[in-house]
Amino acid sequence: MTRVAAIDCGTNSIRLLVTDLDPAANLQHDLDRRLRIVRLGKDVDRTGVLAPEALARTFETLHEYAAVIAELGADHVRMVATSATRDAANRDEFVAGVVDVLGVEPEVVSGAAEAGLSFDGAVRGLAGDGDAPYLVVDIGGGSTELALGGDHGVIAARSVDIGCVRLTERRFQADPPTPDQVASARADIEAGLDEAAAVVPISDARTLVGLAGSVTTVAAIHLGLAEYDSTAIHHSRIPAAQVRAISDRLLTLTHDERLAIGPMHPGRADVIAAGALVLRCVVDRAAVDHVLVSEHDILDGIAWSVV
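Residues numbered from 1 in each chain as written. Predicted model: local features only at pLDDT ≥ 70, side-chain atom pairs only at ≥ 80, totals over all residues. Heavy atoms only, no water.

Moving on, we come to the sheet that holds strand 9 (residues 207-211). What the six strands build is an open sheet, ordered 8-7-6-9-11-10; its pairing is mixed. For this open sheet the edge positions go to strand 8 (153-160) and strand 10 (237-239), each flanked by a neighbour on one side alone. For this sheet, the mean angle separating the axes of adjacent strands, direction not counted, is 25 degrees. In this sheet, strand 11 (residues 290-293) lies alongside strand 9 in parallel orientation, the contact comprising three bridges. By the bridge assignment, Leu208 is partnered in strand 11 with Val291. Packing of helix 7 (residues 179-197) onto the sheet brings it into contact with strand 7 (144-150) and strand 8, and relative to strand 8 it is tilted by some 145 degrees. Relative to strand 10, helix 8 (residues 213-223) is tilted by about 75 degrees, and along the sheet it contacts strand 6 (134-139), strand 9, strand 10 and strand 11. (Pairing = 2+ DSSP bridges. Helix = DSSP H or I, 4+ residues; strand = E, 2+ residues; numbered from the N terminus. Axes fitted to C-alpha atoms, helices over the stretch in contact; angles between N-to-C directions. Contact = heavy atoms within 4.5 Å.)

The subject of this paragraph is the nonpolar core. Grouped together as the largest cluster of nonpolar side chains are 53 residues, with contacts concentrated most on Leu135 and Leu250. In terms of residue count, helix 12 (residues 272-286) provides more of this core than any other element does, 11 residues in total. Non-local contacts of Leu135, meaning those with residues more than four positions away in its chain, are made with Leu146, Ala147, Leu148, Val200, Ile202, Ala205, Thr207, Leu208, Val209 and Ala286. (Core = buried A, V, L, I, M, F, W, Y, C linked by side-chain atoms within 4.5 Å. Buried < 20%, exposed > 50% of the residue type's maximum accessible area, 1.4 Å probe, protein only.)

Enumeration over the complete set of coordinates arrives at 27 salt bridges. A salt bridge links Asp270 to Arg39; the nearest nitrogen and oxygen atoms lie 3.1 Å apart. With a gap of 231 residues between them, Asp270 in the loop between helix 11 (255-259) and helix 12 and Arg39 in the loop between strand 3 (27-37) and helix 1 (44-47) connect regions that are remote in the sequence. Judged by its relative accessible area of 13%, Arg39 is buried. The shortest N-O distance in the salt bridge between Arg158 and Glu195 comes to 3.1 Å. (Salt bridge = Lys/Arg side-chain N within 4 Å of Asp/Glu carboxyl O.)

Looking at the secondary structure, you find Thr216 in helix 8. In this structure the side chain of Thr216 is engaged in a polar contact, spanning 3.3 Å, whose partner is the backbone oxygen of Gly213. Sequence-distant contacts of Thr216, defined by excluding residues within four places in its chain, comprise Tyr228, Ile233, Val293, Ser294 and Glu295. (Polar contact = N/O pair within 3.5 Å; in protein donor to acceptor, adjacent residues only side chain to side chain.)

Turning to the packing of aromatic side chains, a few remarks are in order. Inspection of the entire model under this criterion finds zero aromatic pairs. The lysine or arginine in question, Arg124, covers the ring of Trp304, its NZ or CZ lying 4.0 Å from the ring centre. (Phe/Tyr/Trp six-rings, centres within 6.5 Å; stacked < 30°, edge-to-face > 60°. Lys NZ or Arg CZ within 6 Å of the ring centre and 35° of its normal.)

Moving on, we come to the sheet that holds strand 3. The sheet built from five strands is open, its strands ordered 3-2-1-4-5 with mixed pairing. Because the sheet does not close on itself, it has two edges, and the strands there are strand 3 and strand 5 (107-108). Here strand 2 (residues 13-22) runs beside strand 3; their pairing, made up of 10 bridges, is antiparallel. For Leu21, the partnering residue across the bridge sits in strand 3 and is Gln28. Against the sheet, helix 4 (residues 91-102) makes contact with strand 1 (2-9), strand 4 (76-81) and strand 5, and its axis sits at roughly 160 degrees relative to strand 4, the strand it touches most.

A few words now on unusual backbone geometry. At the junction of Ala132 and Pro133, the peptide bond is cis and its omega measures out at 0 degrees in the coordinates. Summarising the element assignment, Pro133 is placed in the loop between helix 5 (111-123) and strand 6. Pro176 follows Asp175 through a cis peptide bond whose omega is 0 degrees. Looking at where Pro176 falls in the secondary structure, it is placed in the loop between helix 6 (164-171) and helix 7. For Asp43, which is not a glycine, the phi torsion comes out positive at approximately 65 degrees. With respect to the helices and strands, Asp43 occurs in the loop between strand 3 and helix 1. One non-glycine residue, His235, lies in positive phi territory at about 65 degrees.

By themselves, these figures tell us nothing about what the structure is for.
Now the structure itself:
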């Protein structure tokens, strides 16, 4: 088996996976999987740059990750950076800091590449839990990736700027957001999905696979978990009616009320309402009766891409 360290640096979180992979047998044995919410993309939508304090939080986490990688060892290390760093004017400062801490250069990938990695990471482990074609939806902080395909890969993919951090910063000035603010956010989401649908035939999907923290948190709420449990969440199903009900509920709660929900990560409480709204709009657009939730996502796709 080949030991791989994969790092996914998004707008809201930075995550590490150290795993042993056997490509011939399509086997994966995870040694360490962790997440830190560093909000690298805070205010990037407004300022166009990565803030010094956000860079500092990110580099601090990378020091932690570098120690884990050194302890476990890895034949390959790949770090991928996504929406926030694509948009930032000072991304060279970010790249230099990563090289200094980690010893490898982060790859600032395109939205289409991001969607492809998410699709591979999610679909590889489905093992008959859904029917193709799959629509894999990865709701991030700065963007959402939609990729349609089957067991042999992606047919069409598109990344659109409707992430939960971006929408919250742009539209939700009140806590909880006002009906007008929700309507504005929904208009942004629908415009983004129109843009995606010009490339990705969303309605062709037979299985909608939902990825990332907004989706898994909605799943945890649906399952009634007292605390976050990735084993219970992975490959669970959220009925479409529950997606709508949970989205509606989250949009009426204050930050503190959302934070009090058992499985809610403290760094997600301020953006979960926007993320759940994106999921609701995708479910409505795809006209599916449930969402199949995957804890395997772009992080796993990054790992498999190097073997």
